[in-house]
Protein chains: 2
Amino acid sequence: MTAVQRPANRGRGRPRSTEHDDAILDAAVSLMREVGYARMSMEAVAAAAGVSKPTLYLRYAGKAELVVAAHERVRVGDAPAPTGDLRADLVAQLRHLHDVFARLGMSVIGVCLTEEESLPDLIAALRARSLEPGRQMMRDAIARAVHQGALSDGADAETAIEMAIGAYYARYLAGRPFDQGWPERVADATLRALGAPPA
Amino acid sequence: MTAVQRPANRGRGRPRSTEHDDAILDAAVSLMREVGYARMSMEAVAAAAGVSKPTLYLRYAGKAELVVAAHERVRVGDAPAPTGDLRADLVAQLRHLHDVFARLGMSVIGVCLTEEESLPDLIAALRARSLEPGRQMMRDAIARAVHQGALSDGADAETAIEMAIGAYYARYLAGRPFDQGWPERVADATLRALGAPPA
DNA sequence: CATTTACTATACGTTGCGTAAAGCTGCCGG
DNA sequence: CCGGCAGCTTTACGCAACGTATAGTAAATG
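Keep in mind that this is a model prediction, so the values were computed, not measured. (Residues numbered from 1 in each chain as written. Chains lettered and ligands numbered in written order. Predicted model: local features only at pLDDT ≥ 70, side-chain atom pairs only at ≥ 80, totals over all residues. Heavy atoms only, no water.)

Attention shifts here to the overall build of chain A. Of regular secondary structure, chain A possesses nine helices and zero strands. In chain A, the order of α-helices and β-strands from amino to carboxyl end is α-α-α-α-α-α-α-α-α. In terms of overall dimensions, chain A has a C-alpha envelope of 60 × 40 × 30 Å along the principal axes. Relative to its full complement of 199 residues, chain A shows a buried share of 51%. Counting contacts in chain A only where the partners sit at least 6 residues apart, residues at least 24 apart contribute 67% of the total. Of the accessible surface of chain A, which amounts to about 9100 Å², a share of 53% is contributed by carbon and sulfur atoms. In chain A, which carries 24 positive and 25 negative side-chain charges, the distance between the mean positions of the two groups comes to 5 Å. (Helix = DSSP H or I, 4+ residues; strand = E, 2+ residues; numbered from the N terminus. Buried < 20%, exposed > 50% of the residue type's maximum accessible area, 1.4 Å probe, protein only. Contact = heavy atoms within 4.5 Å. Areas by Shrake-Rupley, 256 points an atom, 1.4 Å probe, with all protein chains shown as cover. Lys, Arg positive; Asp, Glu negative; His and termini not counted. Charge placed at Lys NZ, Arg CZ, Asp CG, Glu CD.)

The following block contains the structure:
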C-alpha cells in the first residue's frame, strides 16, 4: 500500500503506457464479472492484461483501489444525458444503474463496505466519482420539474432520490430479477412519493 | 471449508458449550464493529472469545459464515412487533434496520456481495434468515392496511417495500447521517408512493 | 467403563497480497 | 545526440491470515 494514484505526469522519463492502462482495467472488469472479487487475484489480472505484477502496483495501491477504478470507468462510460422530462430521466438513470452493475457485479460495493474501516478513502472515492454524479443528475431533474411547475416546491427530493436508487440495491440483495418494467415502476412510485399529480 | 453448520446434536458425546457459542458471536460482533471485516482475523475472534481456533471451525465453515451468523443473531434480537398502524410499523422497521447496522456495520452485506460468486449459499442464508423476515413484516402491514380500506387495492407494495428498505442502503452508501426524522420521512414518502391519502 | 463428541495446544500447508532487487527500454530535455 | 529519468520485466521474497491436521484431555451417554 505505498504506490501513488497518478504522480502528476510531468514529462520526465518514459511515459506510462495508456494501452496498459486500458488492458488492466479491461482485465479487471472481465475477471470481476467471471469470478467475483474474492476469487479474483492480482496475478490473474496481470496475466490477463499481459502485464507484470509490479506494473499493477505502480498504478493502484491495491486490489481494492483497482476494482474501484474499474467501476468508475464502466460507470462513466455511457451516463445518460438529461432530457427535460422528469419521468424519462428517472427511468434512464435507473436503467443506467442496472447496466453498470450488470457489467461488473455488485462486488465493488461489497469491497467498499468490508474495507470501510481500514480504507476509508476507498468508499470516499466511490462516492465522489460514481455515486454522487448519479444523484446529482436526479437532483437537477427534480429541480427542473419544480421550476416548470410540474412539481410542488415542498417535495422531499433527497428522500425520493435515496429511495429510487436504493430500490436497486434492495432488489439486488433480495435476489429478485430485474424484469422489463422495473425502472418504470420505480420511477412512477418515485413521482408519487414526490407528490406529483397522477398522470 | 469442511465443517458443518450444526450436526444434528443427538446427545451422544460431550455437548457443545452454549457459552462458547455466545462468546464467539459476541466477540465477532465486537471486532466487527471495531475493526471491520477486512481487519478482523479468526485468531483474534478466538482469542477474544477465550476459545481455540479449531473450536471456531467446528461451528462455522469460515470467516464469512461466522459473520453472517453474528448478523442474524443481532437482527433477530429485537425485531419490532406489528401494531396495526401502517405508518408506525414502517417507522419501526426502518428504525430496526438502522439499529442492526449501527451495531454491526454494513460489512456483512459487503461480505455477501464480494463472495457472491464463490459462496452463493452465503447470500442465500442472509436473505432467508435476515432480509426476508423484515420484508415480510412490511408486506403484512401493507396487506392489513388494504384490508382496512386505508389503502387502495392496486398499490404496488413490492416496489414500495424495495424503496423503503433501499433508502437505508443508499443513504448509508452516500455517507449521509441518519438524523432524527429520517425514518418518518421515508415512511411518509413510502405511504405517498403507495397512493395513501395525505394525512 | 467404553464410546463418542467437544475442546486445547501447537504446528503446519497454502494462498495471495504487496515489495524488493537488478536490469532493460523508451522518451524527454538540454 | 546523449544523459538520465521513469516505466516495464523477471524473479524472488516476506508475511499475514485462512483453514487443517495431530495428539491428547475433558465431559457427556449408555
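Right, let's talk about the packing of aromatic side chains for a bit. Residue and element names in this part refer to chain B. Summed over all chains, the structure comprises 14 aromatic pairs over all chains. A centroid spacing of 6.3 Å and a plane angle of 35 degrees characterise the contact between tyrosine 168 and tyrosine 172, whose relative ring orientation is tilted. Here tyrosine 168 and its partner tyrosine 172 are both found in helix H8 (residues 157–174), four residues apart, which amounts to about one turn of the helix. Residue classification places tyrosine 168 among the buried positions, given a relative accessible area of 2%. Their ring planes at 90 degrees and their centres at 5.0 Å tell us that phenylalanine 178 and tryptophan 182 sit as a pair that is edge-to-face. Overall, tryptophan 182 belongs to the buried group, its relative accessible area being 2%. (Phe/Tyr/Trp six-rings, centres within 6.5 Å; stacked < 30°, edge-to-face > 60°.)

What follows is about the interface of chain A and chain B. Of the residues lining the interface, 46 residues belong to chain A; the matching set on chain B comes to 46 residues. Carbon and sulfur atoms supply 60% of the area buried between chain A and chain B, which totals about 3900 Å² over both sides. Along the contact surface separating chain A from chain B lie six salt bridges. Among the salt bridges present, the one from arginine 176 of chain A reaches glutamate 158 of chain B, with a minimum N-O distance of 3.6 Å. The interface formed by chain A and chain B includes 13 residue pairs in polar contact (both at pLDDT 80 or more). (Buried area = accessible area lost by both parts, 1.4 Å probe. Salt bridge = Lys/Arg side-chain N within 4 Å of Asp/Glu carboxyl O. Polar contact = N/O pair within 3.5 Å; in protein donor to acceptor, adjacent residues only side chain to side chain.)

This part takes up the relation of the copies chain A and chain B. Superposing chain A onto chain B requires a rotation of 180 degrees together with a translation of 0.0 Å along the rotation axis, leaving an RMSD of 0.1 Å. Look at the turn and shift together and you get a two-fold axis relating the two. (Least-squares fit on C-alpha atoms with pLDDT ≥ 70 in both.)

To continue, consider the nonpolar core. Counting residues in hydrophobic clusters, the biggest one holds 134 residues, and the most contacted among them are Leu66, Leu86 and Tyr169 of chain A together with Leu66, Leu86 and Tyr169 of chain B. Not counting residues within four places of it along the chain, the set of residues in contact with leucine 86 of chain B comprises Ala141, Ile142, Ala145, Leu151, Leu191 and Leu194 of chain B. (Core = buried A, V, L, I, M, F, W, Y, C linked by side-chain atoms within 4.5 Å.)

Our next topic: helix H2 (residues 42–49) of chain A. Residue and element names in this part refer to chain A. Here H2 has its buried residues at Met42, Val45, Ala46 and Ala49. Axial view of H2: buried residues confined to an arc of 100 degrees, hence all on one face. Pointing more than 90 degrees away from the buried face of H2 are the exposed residues Glu43, Ala47 and Ala48. Looking at the buried side of H2, the elements it contacts are helix H1 (18–35), helix H3 (53–59) and helix H4 (63–77). Just beyond H2, the residue with positive phi is glycine 50, at close to 65 degrees. (Arc of directions from axis to C-beta.)

This part covers the domain arrangement of chain A. Residues and elements named next belong to chain A. In terms of domain boundaries, chain A breaks down into domain 1 (18–59) and domain 2 (77–193). Across the contact, five residues belong to domain 1 and nine residues belong to domain 2. For the pair domain 1 and domain 2, the two sides together bury roughly 510 Å², of which 65% comes from carbon and sulfur. Considering only the side of domain 1, the residues that lose the most area to domain 2 are Met32, Arg33 and Tyr37, jointly responsible for 83% of the buried surface there. Where domain 1 packs against domain 2, one counts zero salt bridges. Across the contact surface, domain 1 and domain 2 share zero residue pairs in polar contact (both at pLDDT 80 or more). Partitioning the side of domain 1 that touches domain 2 into residue classes produces three nonpolar, one polar and one charged. (Domains from an automatic or database assignment. Nonpolar A, V, L, I, M, F, W, Y, C, P; charged D, E, K, R; others polar.)

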